[in-house]
Structure formats: structure tokens, C-alpha cells
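Next come the chains, spelled out residue by residue.
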Amino acid sequence: MDNRLKVREIYLSLQGEGTRTGLPCVLVRLAGCNLACNWCDTTEAQAPDTGEAMTLDAILAAVAALNCRRVELTGGEPMEQCATPALLARFCDAGYETLIETNGSLPIADIDPRVIRIVDIKCPASGEADSFLWTNLDALRPSDELKFVLAGRADFDYARDTIRERALIGRCEIIFSPIPTSLTPADLSRWILDDGLDVRLGLQLHKIIWPDAEGGV
């Protein structure tokens with residue numbers, strides 16, 4: 001098996017989303033994605049040829065040089081690359097709090113159980129609502145996170161109905177995150193409260209701090 005991964009960038013920032021928002025984190029962004037969401041904010045990482053081929057040892061060394069105990073593998077779509085599970089296990093073995101953010105279209109069951117899985121369920125406005133691999137729900141633990149990115153009321157209704165029909169409340173953390181150009185946090189907050197949903201409102205902290213930057217600092 002090829003132990004190299006196509007890496008777009010490795011950098012130190014603050015975690016911008018999810019339950020660890022605001023905590024220091026090294027982001028390892030892999031290149032290449034099997035989806036093309038309408039609202040994608042990392043289009044520069046969609047094509048695999050935008051990345052540099054790096055060995056697992058080289059990635060570990062680059063992360064270690066940034067002196068942070070937390071690392072997240074993101075993309076692109078990291079599960080497209082066959083060496084991703086091995087890299088995640090290496091991070092765990094090295095003592096990192098290890099996270100992966102994945103679009104949910106590819107199997108996650110073989111990911112090391114020490115890894116926190118942040119899994120998207122795509123809503124209709126993304127253009128990729130049929131992409132989710134529903135068997136991935138069976139692999140979720142309470143420590144994992146499910147994320148819905150919402151562009152408007154139709155997306156909210158889809159997300160609400162999905163979590164109710166599939167009894168997702170209590171299975172893991174559930175996050176509703178608005179597309180800021182089409183849905184205000186205030187409107188989304190009101191819908192969550194009006195519908196009595198026990199979900200977390202998620203805002204992209206890194207875009208609040210660094211609105212003109214592609215990544216973090």
C-alpha cells in the first residue's frame with residue numbers, strides 16, 4: 001500500500017467549528033474531493049493534483065514541528081485516500097487528540113476508534129443531498145459529531161426531519177451551521193428554539209477572526 005498522501009497544506013490555527021471551537025489545532029488539509037458542494041469554501045482543495053505527495057513520516061514531522069497536542073485531518077475529502085486510516089492511527093499513537101472531518105459519503109467504520117469523527121450530512125442546497133452513506137450512522141459513538149450545513153429553511157426542515165426520523169438525538173453531538181450569505185445565525189437560532197431541537201448552533205470562528213484568510217492564521 002502506498003503510504004503517501006496528497007497534502008494541500010498543514011498549518012496551526014484555532015479550531016473553527018464543532019465542540020472544540022476555539023482550541024489550538026493543527027489542520028492537515030488533504031487534496032481531492034469526490035463531491036462538489038454548491039457552497040464549498042475550500043474549492044482550492046477539490047482537485048487531487050493541487051496537493052504535494054508526502055509520506056506519513058513527513059506529515060508527522062511537520063505536525064510535530066507546530067507544537068500542538070491536537071490535530072485534525074480535513075480536506076477535500078480525506079477518506080478518498082487509502083493511507084488516511086494509517087495516518088490517523090499514527091497520530092493517535094503519538095499522543096495527539098485526533099479528529100477527522102469527512103463528508104459522510106465514504107465508509108468510516110475502519111477509522112481507529114480513538115479518532116473523533118466529525119461527519120457531514122449534506123442538505124439539499126448543497127447539491128449533494130443523495131451522497132450520504134447511511135450505514136455510517138451505525139459507526140458513530142457519543143464522542144463523534146454530526147454536522148448539517150444549512151442554507152435556508154428547506155435545509156433546516158430536511159435536517160430536523162432527518163434527526164427525528166433516524167433518532168439521532170443522543171447518539172452523538174449534532175451541530176447546525178448556517179451559510180452566512182443566505183441564513184443568519186439569529187434566524188437559525190429561532191428555528192432551533194421554536195422546534196425544540198436539542199442541537200448545537202455552530203458558527204465558523206475562524207471566519208470571524210480572519211474573514212479574509214483562506215485558512216487560519
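(A) Local environment of helix H1 (residues 56–64). Of all the positions in H1, only Leu56, Ile59, Leu60 and Val63 are classed as buried. On an axial view of H1, the arc spanned by its buried residues comes to 100°, and they lie on one face. Buried positions along H1 lie against strand S1 (4–14), strand S2 (24–30), strand S3 (52–55), strand S4 (70–74) and helix H2 (84–93).

(B) How the structure looks around the nonpolar core. Grouped together as the largest cluster of nonpolar side chains are 47 residues, with contacts concentrated most on Val28, Ile59, Phe91, Leu146, Phe148, Leu150 and Phe176. Not counting the four nearest positions on each side in its chain, leucine 146 is found in contact with Val119, Ile121, Leu137, Leu140, Leu168, Cys172, Glu173, Ile174 and Ile175.

(C) Here's a closer look at empty space enclosed by the protein. Following the criterion strictly, the structure yields one cavity of 30 Å³ or more and no others. The volume enclosed by the largest cavity comes to roughly 30 Å³. For the lining of the largest cavity, the class distribution of residues is one nonpolar, two polar and four charged.

(D) Here's a closer look at the layout of surface pockets. Considered as a void within the structure, the largest pocket measures approximately 780 Å³ in volume. Around the largest pocket, the lining comprises 41 residues; the ones closest to its centre are Glu17, Asp41, Thr42, Glu101 and Gln204. When residues of the lining of the largest pocket are traced back to their parent elements, those giving at least two are S1, S2, S4, strand S5 (97–102), strand S7 (145–150), strand S8 (173–178) and helix H5 (205–209). Element by element, the count of residues in the lining of the largest pocket is highest for S1, at three residues. The residue inventory of the lining of the largest pocket, partitioned by class, reads 14 nonpolar, 16 polar and eleven charged.

(E) Local environment of the packing of H1 against H2. In contact at an axis separation of 10 Å, H1 and H2 are set at 40° when each is read in the N-to-C sense. Overall, the two elements H1 and H2 adopt an arrangement that is oblique. Crossing geometry of H1 relative to H2 is assigned as right-handed. When H1 is examined against H2, the residues Leu56, Asp57, Ile59, Leu60 and Val63 are found in contact with a partner set consisting of Ala86, Leu87, Arg90 and Phe91. Along the lines of polarity and charge, the residues of the contact of H1 with H2 split into seven nonpolar, no polar and two charged.

(F) Seen up close, the sheet that holds S5. Taken in spatial order, the nine strands of this open sheet run S3-S1-S2-S4-S5-S6-S7-S8-S9, and their pairing is mixed. Either end of the sheet is taken by a strand with one partner, and the two such strands are S3 and strand S9 (200–201). Against the sheet, helix H3 (residues 153–165) contacts S7 and S8, and its axis sits at roughly 155° relative to S7.

(G) Layout of the environment of isoleucine 108. As for its position among the elements, isoleucine 108 is in the loop between S5 and strand S6 (116–120). Placed 67 residues apart in sequence, isoleucine 108 and isoleucine 175 show a C-alpha to C-alpha distance of 19 Å. Non-local contacts of isoleucine 108, meaning those with residues more than four positions away in its chain, are made with Thr102, Arg117, Val119, Asn136, Ala139 and Leu140.

Parameters and conventions
Residues numbered from 1 in each chain as written. Predicted model: local features only at pLDDT ≥ 70, side-chain atom pairs only at ≥ 80, totals over all residues. Heavy atoms only, no water. Buried < 20%, exposed > 50% of the residue type's maximum accessible area, 1.4 Å probe, protein only. Helix = DSSP H or I, 4+ residues; strand = E, 2+ residues; numbered from the N terminus. Arc of directions from axis to C-beta. Contact = heavy atoms within 4.5 Å. Core = buried A, V, L, I, M, F, W, Y, C linked by side-chain atoms within 4.5 Å. 1 Å grid on protein atoms, 1.4 Å probe; cavity = no way out; pocket = protein on both sides within 12 Å on 5 of 7 lines; lining within 4 Å. Points joined across faces, edges and corners; volume = space filled by probe spheres on them. Nonpolar A, V, L, I, M, F, W, Y, C, P; charged D, E, K, R; others polar. Axes fitted to C-alpha atoms, helices over the stretch in contact; angles between N-to-C directions. Parallel < 35°, antiparallel > 145°, perpendicular 65-115°, else oblique. Left-handed = near helix turned anticlockwise from the far one by under 90°. Pairing = 2+ DSSP bridges.

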